[in-house]
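Residue strings, one per chain:
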Amino acid sequence: GEASFATMAAGLILGLAALGAARAENSPDRIPLRQGNAMVDTLIQGASGSLVLNRLDQILYSWENGVLCSIKLQSGEKTMLMGSKVNTGDRDGTFSNARFHASSGQIEYLHESSALIVADTVNSKLRAIHLDDEIVTTCAGTGVPGSVDGPGSTAQFMSPVGFKVHKSKDGLRVYISDFGAGKIRMMTLPEKQVHTFAGSHKDSSPVDGPGTSAVFDSPHGMAICSYSSRLFVADPEAKRIRAVDTITREVTTIVGSEKIQTHPTCLDVIGRRGLYVSEPGRLYSFDMELKAVSTILQSGVQSTDGLALTARFRAFYCFTTAYDTLYVSESGHRNIRTVRKVQTPQGNCSMDLGRLKYASVKEVHESLYTTRKIAVNPKSKLLYFPSGHSIKKMALSGNSAVVIAGRESGESGDVDGTLKTARFTSPTAIKFGSSAYNVLYVGMAKKLKIVDLDLGVVNTVTGKQNSYDIRDGHALNASFHNIWDIATDYEKSHVILLDRNDHRIRIFNGHERSVTTLIGDGIAGHVDGPCTMARLNYPTSFELKEYRLYVADTSNSVIRSVDMKSKEITTLKVPSELKLSHPTALTYDRILCIFYISSQNATWVLNMKNNDTYMVGQNNASQFGSLGDMHIDEQDGGLYVTGPENGRIRKISTLNTISPTITQAPTAYPTSIPIPAETPREELTVSERLSFFVFFLSHVYPST
């Protein structure tokens, strides 16, 4: 709870030892659940089958035997939306008339279109359930089993079971495990063209290799990692988990050997290097780097709740994940169970709480919705941030936030207008657009919007909602993939935009109302030199310092420096001690001339004056994980931080009673620090703050 995060905070600001026993995971958001830190509860009875979660609206959909049900997580209310267990078949139409076969495969939720995609296995089709219009249509497949590529209306499948929807720079792609054909098929959207992506035929002797030279036995459940662009496929009859590189189409086996026996059916990704895997007798996590399996849940004769150590399931059918919770459907008893992280002696570590005297932690805001980026108005002491489908604000001195534009839950959209009537769809980035702090730029999928706080209106600046290509030009014709971060150059009226999934940095020129590409051509890579030739690899954050733009080039595990005058990009040379791994956030303290850089394994300070570096805390994901955004409060030196998936904004502050005169390192971690005889001052000077950081980072965290 709070003590655990406070422990992390002390290490983050003061460089104290981090919690050591819980291993830091390669994920900005999640670590695996374990038997020692998980609790099992029954969420609802009388429902099972394939599961998918609408995270924003907190609705869980269950798909079983041709029947679709919705479950509101907050109230537990279950509603049957469509289908019939008795009258099965193959018919499109309204919810009351549509029919599916009783045995159907995986289900996915598309938030942009408020639709569910279903693998109608026995009917050999991919079907779409449109929730708003309450109709069912066929995406691809004729209903006749086969293995024919081409337009969706004529393409044929042979018992498709699993599939995953992936947003690429070329648009939406649907990867399908064609169980009966032993192939991985790929359908492009909105064109609905079906291609064979990997695999040539079904065979009990699987073969790795590129594209159609690879052989699958029984491709089943799927998961995709957005960080590495790898598609993971359960091949249960071959007792393997296969990985397909979505760029090169190379197929490899990652699980399946004499040492690791598995019969996987359902998969999900944990960050960059982990998988959740279910098979008939257990549910486990697999660390792809360490090649290690850790059992989380086991089957038993009866269904019992409680700690994961003792809880039992009759049989695992399917599961889906959200934040630190697994939703598991159980066949036999037809239950949906939750597996959540809890604080238990088996799952926690200890630390000397006396060290927390050196820092204070304040919970600024907590929400069910993702909070990745924040913007602070130092004049009015207000903090603004995206939440759900809305923009919220709150006073820095309080912890109650209010919606100022859009709607946090429920209705999304792309509507300009007044703050009350405007609509957003999952905004991801936010930045003040003027030194007067009266205008906010808001980035989301496909568009950049501007929120005028004085006039109370929202308008589109640039971008096209239904465009799947990436295009420069006039602001109204330009198109984006997803705007992940924003920086503003007030003097030039330039807005710098991070188009993360397309590996580009774009510039909106306010005077000319045009968009140009500064860096990137849509292909991931690590190339320095002129910006027109350079490449990035899934950058997630940047910071503009005078005429230099510093970029967290996440998948390259480096920080890049862009000279905005010469238009040259270089990889920042940092001390060898700074071992960055997938940096996710960075911010610059202009008073101390230091960078805070958060990566998956630690948060670092980089001193730009002497190129010195300090690790100021391990990012133990069981406590907080890699940070989504960091923002310096330049008045008191505090650090606002966000955790992307846990919906929390916190402020970590140094205490103002620290003496700046200590110059000798203590022989052990101190339990108290001398306080000057005079009354403690309300605010530290620049030299005091610098002395404070130098002392703790170099002495309290000894190199020995």
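Residues numbered from 1 in each chain as written. Predicted model: local features only at pLDDT ≥ 70, side-chain atom pairs only at ≥ 80, totals over all residues. Heavy atoms only, no water.

Enquirer: A description of the nonpolar core should follow, citing residues and the corresponding values.
Expert: By size, the foremost hydrophobic cluster in this structure holds 18 residues, and its most contacted members are Ile-496, Ile-505, Ile-519, Leu-549 and Val-562. Elements represented by at least two residues in this core include exactly strand 41 (483-489), strand 42 (494-499), strand 43 (504-509), strand 44 (514-519), strand 46 (541-545) and strand 47 (548-553). (Core = buried A, V, L, I, M, F, W, Y, C linked by side-chain atoms within 4.5 Å. Buried < 20%, exposed > 50% of the residue type's maximum accessible area, 1.4 Å probe, protein only. Helix = DSSP H or I, 4+ residues; strand = E, 2+ residues; numbered from the N terminus.)

Enquirer: Quick one: what's the story with the pairing of strand 4 (residues 67-72), residue by residue and with numbers?
Expert: Burial analysis of strand 4 places five of its six residues in the buried class, which makes it a mostly covered element. Direction of pairing for strand 3 (residues 59-64) relative to strand 4: antiparallel, over a ladder of six bridges. Bridging across to strand 4, Ile-59 finds its partner in Lys-72. Bridge count between strand 4 and strand 5 (residues 78-83): five bridges; the pairing is antiparallel. Looking at strand 5, one finds that Val-67 is bridged to Gly-83. Here strand 4 folds back onto strand 5, and the loop between the two strands holds five residues, one of which, Gly-76, carries a positive phi near 80°. (Pairing = 2+ DSSP bridges.)

Enquirer: Just give me the short version of the confidence of the model for the protein chain, but keep the residues and values in it.
Expert: For the protein chain, the mean per-residue pLDDT works out to 76, and 74% of the residues sit at or above 70. Mean pLDDT across the secondary structure elements of the protein chain bottoms out at helix 1 (residues 2-14), with 39, and peaks at strand 45 (residues 529-530), with 96. Note on residues 344-361: pLDDT under 50 across the span, and 47 contacts to partners over four residues away in sequence or across chains. In the predicted structure, residues 654-704 sits below a pLDDT of 50 and forms 78 contacts with residues beyond four places in sequence or in another chain. (pLDDT = per-residue confidence, 0-100. Contact = heavy atoms within 4.5 Å.)

Enquirer: Run through the packing of aromatic side chains, naming residues and quoting values.
Expert: Under the definition given, this model contains five aromatic pairs. Both rings, one in Tyr-61 and one in Tyr-109, keep their centres 6.0 Å apart while their planes meet at 20°; by these two values the pair is stacked. Placement of the pair is Tyr-61 in strand 3 and Tyr-109 in strand 7 (residues 107-110), with a sequence separation of 48 residues. Judged by its relative accessible area of 14%, Tyr-109 falls in the buried class. With 5.1 Å between their ring centres and 80° between their planes, Phe-432 and Tyr-437 make a pair best called edge-to-face. Exposure remark for Phe-432: the relative accessible area of 5% places this residue in the buried category. (Phe/Tyr/Trp six-rings, centres within 6.5 Å; stacked < 30°, edge-to-face > 60°.)

Enquirer: Residues and numbers for the sheet that holds strand 12 (residues 160-168), please.
Expert: In spatial order, the strands read 11-15-14-13-12; together these five strands make up an open sheet with antiparallel pairing. The open sheet has two edge strands with one neighbour each: strand 11 (150-151) and strand 12. As paired elements, strand 12 and strand 13 (residues 171-178) share eight bridges and run antiparallel to each other. Bridge assignment links Val-165 to a residue of strand 13, and that residue is Val-174.

Enquirer: Now, about unusual backbone geometry: what can you tell me, with residues and values included?
Expert: In this structure, the amide linkage connecting Leu-189 to the following residue, Pro-190, adopts the cis form with an omega of 10°. Within the secondary structure, Pro-190 sits in the loop between strand 14 (183-189) and strand 15 (193-198). Non-glycine residue Glu-134 carries a positive phi angle of around 55°. Here Glu-134 shows up in the loop between strand 9 (125-130) and strand 10 (135-140). The partly exposed category is assigned to Glu-134, whose relative accessible area is 45%. Positioned with a positive phi, Glu-546 is a non-glycine residue whose angle comes to about 55°. Here Glu-546 is to be found in the loop between strand 46 and strand 47.

Enquirer: Break down the pairing of strand 14 for me, citing the residues and quoting the values.
Expert: Within strand 14, seven of the seven residues are buried, which leaves it mostly tucked inside the rest of the structure. Here strand 14 shows no split at all, with Lys-183, Arg-185, Met-187 and Leu-189 on one side and Ile-184, Met-186 and Thr-188 on the other all buried. Two strands pair when backbone bridges link them, and strand 13 and strand 14 are joined in this way by seven bridges, in the antiparallel orientation. Looking across to strand 14, one finds that Ile-176 is bridged to Arg-185. Here strand 14 pairs with strand 15 via five bridges, running antiparallel. By the bridge assignment, Ile-184 is partnered in strand 15 with Ala-198. As consecutive antiparallel partners, strand 14 and strand 15 are separated by three residues, and within that stretch Lys-192 has a phi angle of approximately 60°, a positive value.

Enquirer: Run through the side chain of Asp-485, naming residues and quoting values.
Expert: Its place among the elements puts Asp-485 in strand 41. Here Phe-542 takes part through its backbone nitrogen, which lies 3.1 Å from a polar atom of the side chain of Asp-485. Among residues more than four places away in sequence, those in contact with Asp-485 are Lys-373, Ala-429, Ile-496, Leu-497, Leu-498, Thr-540, Ser-541 and Phe-542. (Polar contact = N/O pair within 3.5 Å; in protein donor to acceptor, adjacent residues only side chain to side chain.)

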